[in-house]
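Now for the letters of each chain:
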Amino acid sequence: PTEKKNYTIGFSQCTGGDEWRRVMLNDMKRELALYPHFQLLYKDAANSTATQLAQIKELVRQDIDLLIISPNETSAVLTAAIDEVFQKGIPVILLDRKITSDSYNSFIGADNLEIGRMVGEAVPTLLKNGGKVVEIWGLASSSPAQERHKGLLEGIAKTPKIQISGQLYGQWEQDTARKVALANLETLREADLVFAHNDVMALSVQRVCQEAGINPLPLFVGIDGLPGPKSGLQRIMDGTLTATFLYPTGGEEAIEVAAQILAGKATKREYLLNSIRIDRSNIKAIKAQSDKLLHQQQDIEKLNQRIGQLNDTYASQKNALYVIITC
Ligand code: FRU
């Protein structure tokens, strides 16, 4: 059998600073353990398009065989930089966020337009008599924010009793959401429901409303539905969030698709991951499944570590044996 070639995969992440993207990287690493001939070069652009541009160049200089990227924005400069990589013959996988050109092999992520629509259709079921919705946007120049907004409008279009009474720009971040909420307390005071493009911002705005003594609080709806003690699933469980929508990271799938591309196999243009509405009606079942999955993942990580240790032991014993035989 022919020896497998080693490959270097570059991963340009728009930001590594939040839980959702930490889960994404873990999902990748777990899958990478199945491909010992892959090396991952990871760059975190910390929400800066300028930094991401520089990091893409750096990855190309480091001679990557494939680029996985979550582009910070759909901007022309970032699109051009990815075009350039693709035209060099380096395969490109877009993960979660899009660009405005066709210069990529595959896109992997959930359908944000569809998620926005699901939110829009859920709102009238939560506000039976209609009411005012305040929308907290993610970064307005990023594709998930644009698509979630567009979907929301489509979803509520059939229900004139629901109106969007405010749009605030939280840029996906807890702190930015807090600042814009503090600056728009009157808009929030009038709201019946706050829909934030992610759970982090929903919870941040909710805290501001509580601190401002808004009573009764509006309902809060978010997106992501992460496991963990402070994240979306737990917040549905304790009733803090009324609904959230699962947004899978695609980390595992990105490595699988990378492996197929590097093996010269055909891949699909788009891998759309499923979402689901999570609320009081299904949270128990979903939480139980997610806890079980988390447990299994931890076991896999332990097994991977154990295999690493055994490999080290094997290597050193082989060396020792070699010394004995050749003495
Ligand atoms: C994490 C995040 C998620 C959101 C996604 C959109 O950085 O803000 O909360 O669903 O990015 O790209």
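Everything below is about the structure shown above.
Residues numbered from 1 in each chain as written. Predicted model: local features only at pLDDT ≥ 70, side-chain atom pairs only at ≥ 80, totals over all residues. Heavy atoms only, no water.

A. View of the site of the ligand. In the region of the ligand, the neighbouring residues are Asp18, Trp20, Arg21, Asp96, Arg97, Pro144, Arg148, Trp172, Asn198, Asp224 and Tyr247. Contacts to the ligand include Arg21, whose side-chain N or O atom sits 2.6 Å from an oxygen atom. Within the side chain of Arg97, a nitrogen or oxygen atom sits 2.8 Å from an oxygen atom of the ligand. Relative to its free-state accessible area of 320 Å², the ligand is covered by the protein chains to the extent of 98%. Broken down by secondary-structure element, the contributors of at least two residues to the shell around the ligand are α1 (19–32) and α5 (143–156). Its residues assigned to classes, the shell around the ligand comprises four nonpolar, one polar and six charged. (Near = heavy atom within 4 Å. Polar contact = N/O pair within 3.5 Å; in protein donor to acceptor, adjacent residues only side chain to side chain. Areas by Shrake-Rupley, 256 points an atom, 1.4 Å probe, with all protein chains shown as cover. Helix = DSSP H or I, 4+ residues; strand = E, 2+ residues; numbered from the N terminus. Nonpolar A, V, L, I, M, F, W, Y, C, P; charged D, E, K, R; others polar.)

B. Structural view of the sheet that holds strand β2 (residues 38–44). What the six strands build is an open sheet, ordered β2-β1-β3-β4-β5-β11; its pairing is parallel. The open sheet has two free edges, formed respectively by β2 and β11 (270–273), since each of these has just one partner strand. For this sheet, the mean inter-axis angle between neighbouring strands, taken without regard to orientation, is 15°. Taken together, the three bridges between strand β3 (residues 66–70) and strand β4 (residues 92–95) define a ladder with parallel strand orientation. Of the residues in β4, the one forming a bridge with Ile69 is Leu94. Against the sheet, α1 engages β1 (7–13), β2, β3 and β4, with an angle of about 170° to β1. (Pairing = 2+ DSSP bridges. Axes fitted to C-alpha atoms, helices over the stretch in contact; angles between N-to-C directions. Contact = heavy atoms within 4.5 Å.)

C. Representation of the pairing of strand β6 (residues 131–137). For β6, a buried count of six out of seven residues is recorded, marking the element as mostly surrounded by other parts of the structure. With seven bridges connecting them, β6 and strand β7 (residues 162–169) associate as parallel partners. Along β7, the bridge assignment pairs Glu135 with Gln167. On the question of chirality, the crossover connecting β6 to the parallel β7 by way of α5 is right-handed. Pairing analysis gives four bridges linking β6 to strand β8 (residues 193–196), with the strands arranged parallel. Residue Glu135 lies in a different strand from β8, and its bridge partner there is Phe195. (Buried < 20%, exposed > 50% of the residue type's maximum accessible area, 1.4 Å probe, protein only. Right-handed = clockwise from strand over helix to strand, strands pointing away.)

D. View of the pattern of salt bridges. Applying the stated criterion to the full structure yields 18 salt bridges. Taking the shortest distance from any N to any O, the salt bridge between Glu19 and Arg22 comes out at 3.2 Å. With Glu19 and Arg22 both in helix α1 and three residues apart, the pair spans about one turn of that helix. Measuring nitrogen to oxygen at the nearest pair gives 3.0 Å for the salt bridge that ties Arg235 to Asp238. Overall, the relative accessible area of 39% leaves Asp238 in the partly exposed class. Salt bridges sharing common partners tie together Glu114, Arg117, Lys150 and Glu154. (Salt bridge = Lys/Arg side-chain N within 4 Å of Asp/Glu carboxyl O.)

E. Looking closely at the pairing of β2. When β1 meets β2, the two strands line up parallel, connected through seven bridges. Bridge pairing in β2 places Ile9 opposite Leu40. Regarding the hand of the β-α-β motif, the stretch spanning β1, α1 and β2 is right-handed.

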